[in-house]
Amino acid sequence: MSYIINESDLAAPAVPPKRSPSGLAIAGFVIALVALLVAVVGTLGALGSSNGTDLGAGSAAQQQSGTNVDVAAVVALADAAVVTVFCGNSSGSGWGIDLADDESSTSDDAYPFEIVTNWHVIEECINTDVPITIQTLEGASEADAFLFDFDASYYDETSEVWADLALLITAEPVESLQPATAPPVVGDWVMAAGSPYSQFFDSIIPGTYTFGNVSNFFPDINVIVTDAAINQGNSGGPLLNAQGEVIGTNTWGADTSVSANNGYAIGIP
């Protein structure tokens, strides 16, 4: 895949006015998350966490089962690393990841912070004058972000791999989360983080967390089912385990008229 940015794209666009997000109803699949990231950095070894928050005592088995979860510590990790992603009148979520520099290009050198989100969150801004902006959950003003690479094979009906992933770069400091190296297990405690839309407030509510467990996991297609609520606007946000690692990217919520308490994320192999 070729890189999307060029020098003209990197001119700072004007910050758009506050919008009412569309709250994307269905976030597509991102099964190629690790494949795309490996293509950019060359190795999973480049993935890392920069905040080093201690999640406290307790074995991994205890924490994964939810018997010894420091919820406040996991929330603190997400507070620093999750962002709201804006594209025109739409919004979604994203999470910071620490990737090695792409030495084959200098176009990204001024934008050292990387963010994972869903392709459909930002696709309407591509090849238009509409800027992509991000806002940290800590309340910083909106900052520019630029598309570095993407995989939208979810929209290709002939593809055997379903993916809906975009990698953004920005100059705005964003902390990173650590991708999990072990697959999820049914019953694991999880937390979904992002900026869902609220009908009550008629706006998005940044820094919203929902909690649950892994309800099912389909390793062949890398789909995680969870009863943690995933709502419009959660697209692109992380699903974290008890260690504060990202086990998947929140992708879509079930139609509540058909089924309840089923949210879906695409896992990290």
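### Some thoughts on the overall build of the chain
Part 1 of the argument: Of regular secondary structure, the chain possesses four helices and 14 strands.
Part 2 of the argument: Across the chain, the fraction of contacts at a sequence separation of at least 24, relative to all contacts at a separation of at least 6, is 69%.

### Some remarks on the state of the cysteines
Part 1 of the argument: One pass over the full model with this rule turns up one disulfide.
Part 2 of the argument: The partner cysteine of C87 in its disulfide is C125, sulfur to sulfur 2.1 Å. Across the S-S bond linking C87 and C125, the dihedral sits near 125 degrees, which makes this disulfide right-handed. A residue pair is termed long-range when its members are at least 10 positions apart, and C87 in strand β1 (residues 82-87) and C125 in the loop between α4 (119-122) and β4 (132-136) qualify at 38 residues.
Part 3 of the argument: Judged by its relative accessible area of 2%, C87 is buried.
Part 4 of the argument: Assessed through its relative accessible area of 5%, C125 is described here as buried.

### Observations concerning the side chain of T170
Part 1 of the argument: Mapped onto the secondary structure, T170 falls in strand β6 (residues 165-170).
Part 2 of the argument: A polar contact is formed between the side chain of T170 and the backbone oxygen of D144, at a distance of 2.8 Å.
Part 3 of the argument: A distance of 3.1 Å separates a polar atom in the side chain of T170 from the backbone nitrogen of E172.
Part 4 of the argument: In this structure, T170 is in contact with Y111, P112, F113, I115, I134, D144 and A145, ignoring residues within four places of it in sequence.

### Concerning the sheet that holds strand β13 (residues 246-253)
Part 1 of the argument: The antiparallel closed barrel is built from six strands, whose spatial order is β7-β10-β11-β14-β13-β12. Strand-to-strand twist of the sheet, defined as the mean angle between neighbouring strand axes without regard to direction, takes the value 45 degrees.
Part 2 of the argument: As defined by bridge partners, strand β7 (residues 189-194) adjoins strand β10 (residues 208-218) across six bridges and the pair is classed as antiparallel. Counterpart to M191 in the pairing with β10 is F211.

What counts as what
- Residue numbering note: each chain is counted from 1, following its sequence as written.
- Per-residue local features are limited, in this predicted model, to residues with pLDDT of at least 70; the limit for side-chain atom pairs, both in listing and counting, is 80 or more; totals at the level of whole chains, interfaces and linings are taken over all residues.
- Excluded from the side-chain calculation are hydrogens and water; included are all heavy atoms of the structure.
- To qualify as a helix, a DSSP run of H or I must reach at least 4 residues; to qualify as a strand, a run of E must reach at least 2; elements of each kind are numbered from the N terminus.
- For this analysis, residues touch if any pair of their heavy atoms sits within 4.5 Å.
- Cysteine sulfur pairs qualify as disulfides if the two atoms are within 2.5 Å.
- Remark: exposure states derive from per-residue accessible area (1.4 Å probe, protein chains only) relative to the maximum for the residue type, with buried under 20%, exposed over 50%, and partly exposed in between.
- Two N or O atoms count as a polar contact when they lie within 3.5 Å, although within protein this holds only if one can serve as hydrogen donor and the other as acceptor, and sequence-adjacent residues are included solely when both atoms are side-chain atoms.
- One requirement defines pairing of two strands: DSSP has to find at least two bridges between them.
- Each axis is a line fitted through C-alpha atoms, taken for helices only over the stretch in contact, and angles between the N-to-C directions span 0 to 180 degrees.

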